[in-house]
Amino acid sequence: MQRREGLAKLTGRERYVDDLPLEGALWGMTVRSPAPRGRVTAVRFRPDVNWSEIVVVDYRDVPAANEILLIERDQPVLAAAYVRHVHEAVLLVAHPSREMARRAARAVDVVVAPEPPALDFRAPPRPEQIQFGRDNVLKRLQIAKGDVEQALARAPVVVEGVYETGAQEHVYLETQGMIAWLENDVLVVKGSMQCPYYVLNALQHALGRDERRVRVIQTPTGGGFGGKEEYPSTIALHAALLALKAGRPVKMVYDRPEDMASTTKRHPSLVRHRTALTTDGRLLAQDIEVVLDGGAYVTLSPVVLSRGIIHAAGPYACDNVRIVGRAMFTNAVPFGAFRGFGAPQTLFALERHMDVIARALGLDPVELRRRNLLRDGQSTATGQVIRDGTDRIAVLERALALSGYREKQHSHAAFNAAQRSQRRGIGLATFYHGAGFTGGGEVHLNSRLQVAGLPDGRVEVLSANIEMGQGTLTVFTQIVADRLGLAPEEVVIGEPDTARVPNSGPTVASRTTMVVGRLIERAADDLRHRVGLDDRARGAAVKDAIMRWHREHRGEPLLGEAVYERPPGIAWDEERYQGDAYAAFAWAAYVAEVEVDLRTCTTRVIDFVAVQEVGKVINPTLARGQVQGGVVQGLGWALMEECKVENGAMINNQLTNYIIPTSDDVPPIRVAFVENLYPHGAQGAKGLGELPIDGPAPAILNAVAAATGADPRAIPLTAERLMEIVERTH
Amino acid sequence: MRVLLADRVPEALGLLAGDGAAIPVAGGTDLLVHWPVRIDAHDRTYVDLSRLEDLKPLRWSDRELVLGGLTTYWDVIQDERIGREFPLLVRAARQVGAIQIQARGTWAGNIVNASPAADGVPVLMAYDAVVVLESGRGREEVPLDHFYTGYKEMRRRADQLVVAIRIPRRPYSYQVFEKVGSRRAQAIAKVGLAVTRSDAGWRVVAASMAPTIRRCPMLERLLEQRVQVAHPGDLVPAITQDVSPIDDVRSTAEYRRRVMARVLYDDLRETCGWP
Amino acid sequence: MTLSIGFTLNGKAVSMEADPAERLLDTLRYRLGLTGTKEGCGEGECGACTVYLDGLPVNSCLVPTYQVRGARVETIEALDPVQLGPFLEQGATQCGACTPGVVMTALWISAHPELLETHTVRELMAGNLCRCTGYDGIVDAVATTIGEVGEGGRGKGEA
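A short tour of the structure in this document, coming up. Here the structure is a predicted model, which means the values were calculated and not measured.

About the cut-offs
- Residues numbered from 1 in each chain as written.
- Chains lettered and ligands numbered in written order.
- Predicted model: local features only at pLDDT ≥ 70, side-chain atom pairs only at ≥ 80, totals over all residues.
- Heavy atoms only, no water.
- Axes fitted to C-alpha atoms, helices over the stretch in contact; angles between N-to-C directions.
- Helix = DSSP H or I, 4+ residues; strand = E, 2+ residues; numbered from the N terminus.
- Left-handed = near helix turned anticlockwise from the far one by under 90°.
- Contact = heavy atoms within 4.5 Å.
- Nonpolar A, V, L, I, M, F, W, Y, C, P; charged D, E, K, R; others polar.
- Core = buried A, V, L, I, M, F, W, Y, C linked by side-chain atoms within 4.5 Å.
- Buried < 20%, exposed > 50% of the residue type's maximum accessible area, 1.4 Å probe, protein only.
- Buried area = accessible area lost by both parts, 1.4 Å probe.
- Salt bridge = Lys/Arg side-chain N within 4 Å of Asp/Glu carboxyl O.
- Polar contact = N/O pair within 3.5 Å; in protein donor to acceptor, adjacent residues only side chain to side chain.
- Phe/Tyr/Trp six-rings, centres within 6.5 Å; stacked < 30°, edge-to-face > 60°.
- Lys NZ or Arg CZ within 6 Å of the ring centre and 35° of its normal.
- Pairing = 2+ DSSP bridges.
- Expected span 1.5 Å × (residues − 1).

On to the packing of helix H13 (residues 472-484) of chain A against helix H14 (residues 512-530) of chain A. Residues and elements named next belong to chain A. The contact between H13 and H14 brings their axes to 10 Å, and the two run at 35°. Our pair here, H13 against H14, has a crossing hand that is right-handed. Mapping the contact onto sequence places Thr472, Val475, Phe476, Ile479, Val480, Arg483 and Leu484 in H13 and Thr512, Thr513, Val516, Gly517, Arg518, Ile520, Glu521, Ala524, Asp525, Leu527 and Arg528 in H14. Residue composition of the contact of H13 with H14, grouped by class: 9 nonpolar, 4 polar and 5 charged.

Below you can see the structure in the form of structure tokens.
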């Protein structure tokens, strides 16, 4: 089935929040802290604008609690006496003219008495930099399996390595935007977001309004990648506060430089590996330390750390594993959700380390993977026994075959010997990604969803999960249509409006197709039962029964329902961090071929093969698009996307100097899927959205190492960094 | 903000003469970047050049190619003769931004924007281009390699307009343009190099290596004198005298110096008989 | 001050008073209600704001509105959707934020296939940033639209 809303997007008819006409609206702007830490000693309003025309909001205007509800309540909606990072929101202004609103924001001076900021997450904080707990540690987590110390002590070979990843900016092409207005006594907030119920909960909490007096509606969202998972609560609160004070609708749309500088980014990481092996490359012990920069507020750091450490030991069998992780407080702009959510960072370190191990042992990197990849019956670092029947070796072999791995290695040797300045290399990464929320997370979410039967015989899916390009509207339609034997036109996907849809959970964690899609199937079944049909009824029989039911129950709603049920046999111990971390893993092998120009040390990826097993591919075009997009986003993170930071804030906050790949910077991304139906996912599908960004960075760096003989350990591997490394090597 | 419109060049010159603070606007691809946020720029006076039709065409004569004051990068990319006779112009034009910028950006605008990382200026300079300035007080011609006097400072008075860029036609035995950026398109140069050789001698022009785009006299002399160079390092002393790269948001001085030496060496070795 | 300007917009004559500080992008989106053209960066990097000015694709975020007087402006709203089949079939759009700009540039390339003698499709599309598709869906759609020219419709480019 083709993308349902595709034509609307292709013709420019799809309307995003900034496209909506708004009568009598004011433009809202944010005044932000100039300093990374300190006490606000004064807020001065310069006479550059006529202040009587400007609506002004500060922390005192927050009705109930000056807190952005998330995991913790440490982040204020607006800074009161104290600021903890550059660009922290202090004041809001609004005016009917966007230009005047900008001038007003520009005309406020926030005066901060500075205190010593903590700006390096890798360094132990000095006493005067402690601002969270005793040691600036936002969160600690540990995974332990077997006896790592003993295995290390006895091991014939131990290989160590330290790996680093930088922050990454989402660069969704549609910036953050929100409109808020009062309709009778109901506060309505509409905008670009991934999680309408997160926004609803945050609004209720800070504004002291109950569910009947707040309504949140998602507008078509121009990209999210996690950047619109938690941040929208902040901008929604800001727009709402201005709207409540002004008594008029307020629209806030961030300019690109503001968006890049002041919203969340991927957590920077430092990962240390100490690995014990036999001389023929079998893993005996993995001792791993993961440190993340969390920035100035907790946001989602505990969960990012969690996913990061769970994936840190990789898709390999090893009896002795210790993973110790901590997320650090610093006075940086807070870091947050970004596709992969900790796994790209730790999988980069692991898969680069595997090649470092291979080189140290004189082993073929492919053989090293082959010897250690999990077979059914073996267990992960958390002790989760894998028995899904996926042939992970076959996935690897397929990637090798499609990429021409061996042939290319040979031809590269000849090429490199003959060329003065160009060097080619090929590298791989084998990895995995757990779909859905970790451990008990899905149980905790307790997602609910409805499929309504409409009087005209069509059905409507009522869920809080949103479309941001990944294909929700189309896949949901397909799932219902397939289940009930209806045509796509007979399926309506309800607008994610908290006044109408139940909380089916956030659109994150690669859960939408697998988990929510499964709820749709069960709700559709329930709908059938309610009109007296069994599971075999399809097509016209279903339509007729729905219409008949409505004739017999005029004016009543007909709702099939489903509430999340944990798949059987999944057990997770949150205290000991052991057990079945995820209901299902997707598995992958990626191969990157690069050409490095030794004169400039620029790296070009000239071929890329992505092979993955994701249960079932419900829509091949959409699935392929997810992989290709994720690979290119990973390529950018690996080679060119660098956040340059001063005082904990991004200073290259423009698209001219934060470099993402153009069409001319990437090769065609060749994609292949292996199917192995997962019984508890919709149509047998597992999660797919995040997996593709886990593999490119290590595969590319491994290829660069093969091409040049250099040993890069950090990303982004810019030309400048590679040149330094190459110089040191030769 | 005020905008003054002109249909003919003399009119535009009169407007510039009348207001020393007025800013001419051509394609807008530099001026309008982040326009809504740059509120200070909204409180100025501008002179719109976009209707000065006389300045748009490029012209060929026996002795020169003359780009008009409003000739765009796209105009040059489309001109087959330029592709044959001045291939560096096309090569550079194709690496400016992308098609949307090439369609609007002008060579003259590139010159007066005076960015040390400009793409058009190095190749013009390597072709010995001459900047033709008009004002109410008459015409002035300044060789491009003498046009810049300091960072963003140039020999253009506020009442002058660049109405043409004259490029002498001559056979070239060697010509190369290299732009090293952070990606293949839509990139600001970290290192730009334009090198030509003709009966008029060697021209070596560096961009992003100093406060201005400039010729490299020590390198040119090294080439004129056919100094034997054994490896890129042998070029470094001349490079160090000719340019002064810095660390900035885009790159580092060390990287720029190394890249310039390697790229120059690699591009010149065959022609110069180096190993 | 304001300037009285007249221009042709999607084939129709338009007259208006333009503020000197107005960008064509803002005029289209906020004054004329033509919200198909998007703003992605405000600096001419992303191409989401691409429109045709006298037949050439340009970033409307960098065009002062007063400069289109007497000129011909075309936006995504004027494109004939019949050409969009390959874009739908081959996954050229996901979130849609870059899409109108992509379509404008892509269809312009398709209308000038001679460009593929000297350029590749990827080079010509490099002024349209996309964060979702990884570009294959877009390039494949352009290649399909053009048919077999050069290397499978992708253009010969420079050697």
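Moving on, we get to the nonpolar core. Among the nonpolar cores identified, the biggest contains 263 residues, and Leu89(B) and Met260(B) are the most heavily contacted of them. Counting residues in hydrophobic clusters, the runner-up holds 40 residues, among them Val62(A), Leu207(A), Tyr231(A) and Val501(A).

The subject of this paragraph is the interface of chain A and chain B. Contact residues are listed per partner, giving 29 residues for chain A and 30 residues for chain B. Both sides of the chain A and chain B interface together cover about 2700 Å² of buried area, and 50% of this is carbon and sulfur. The largest contributions to the chain A side of the interface with chain B come from Arg420(A), Arg599(A) and Glu720(A), which together make up 24% of the buried area. At the junction of chain A with chain B, the criterion picks out 9 salt bridges. Summed over the shared surface of chain A and chain B, the result is 15 residue pairs in polar contact (both at pLDDT 80 or more). Elements that contribute at least two residues to the side of chain A that touches chain B include exactly helix H2 (98-106), strand E24 (602-613) and helix H18 (719-729) of chain A.

Residues and elements named next belong to chain A. Under the criterion given, the structure shown has 20 aromatic pairs over all chains. Ring centres 5.0 Å apart and planes at 75° place the aromatic pair Trp572 and Tyr577 in the edge-to-face group. The residues Trp572 and Tyr577 share a single accessibility class, namely buried. Put simply, the rings of Tyr432, Tyr582, Phe585 and Trp587 pair up and form one aromatic cluster. The side chain of Arg266 reaches across the aromatic face of Trp637, ending 4.9 Å from its centre. One Lys or Arg, Arg424, reaches over the ring of Phe415 and ends 4.1 Å from the middle of that ring.

Attention now goes to the sheet that holds strand E10 (residues 161-168) of chain B. Residues and elements named next belong to chain B. Spatially, 5 strands are ordered E4-E5-E10-E6-E7 in an open sheet, and the strand pairing comes out antiparallel. Because the sheet does not close on itself, it has two edges, and the strands there are strand E4 (59-60) and strand E7 (138-143). The pairing of strand E6 (residues 130-135) with E7 spans 6 bridges and is classified as antiparallel. Note on E7: the bridge partner recorded for Val130 is Pro143.

We now examine helix H4 (residues 196-207) of chain A. Residue and element names in this part refer to chain A. For H4, spanning 12 residues, the distance from its first C-alpha to its last is 16 Å, which sits close to the expected 16 Å at 1.5 Å a residue. The buried fraction of H4 amounts to 9 of the 12 residues, a majority that puts the element mostly inside the structure. Here H4 has its buried residues at Pro196, Tyr197, Val199, Leu200, Ala202, Leu203, His205, Ala206 and Leu207. Here the buried face of H4 lies against strand E10 (186-191), strand E11 (214-218) and helix H5 (231-246). A positive phi of about 65° marks Gly208, the residue just after H4.

Residue and element names in this part refer to chain B. Among the 7 residues of strand E13 (residues 201-207), 7 are classified as buried, and the element is accordingly described as predominantly covered. With 7 bridges connecting them, strand E12 (residues 191-198) and E13 associate as antiparallel partners. Along E13, the bridge assignment pairs Arg197 with Trp202. Pairing between E13 and strand E14 (residues 214-215): 2 bridges, direction antiparallel. Bridge assignment links Val205 to a residue of E14, and that residue is Arg215.

The quantities given are spatial measurements derived from coordinates; they are silent on function.
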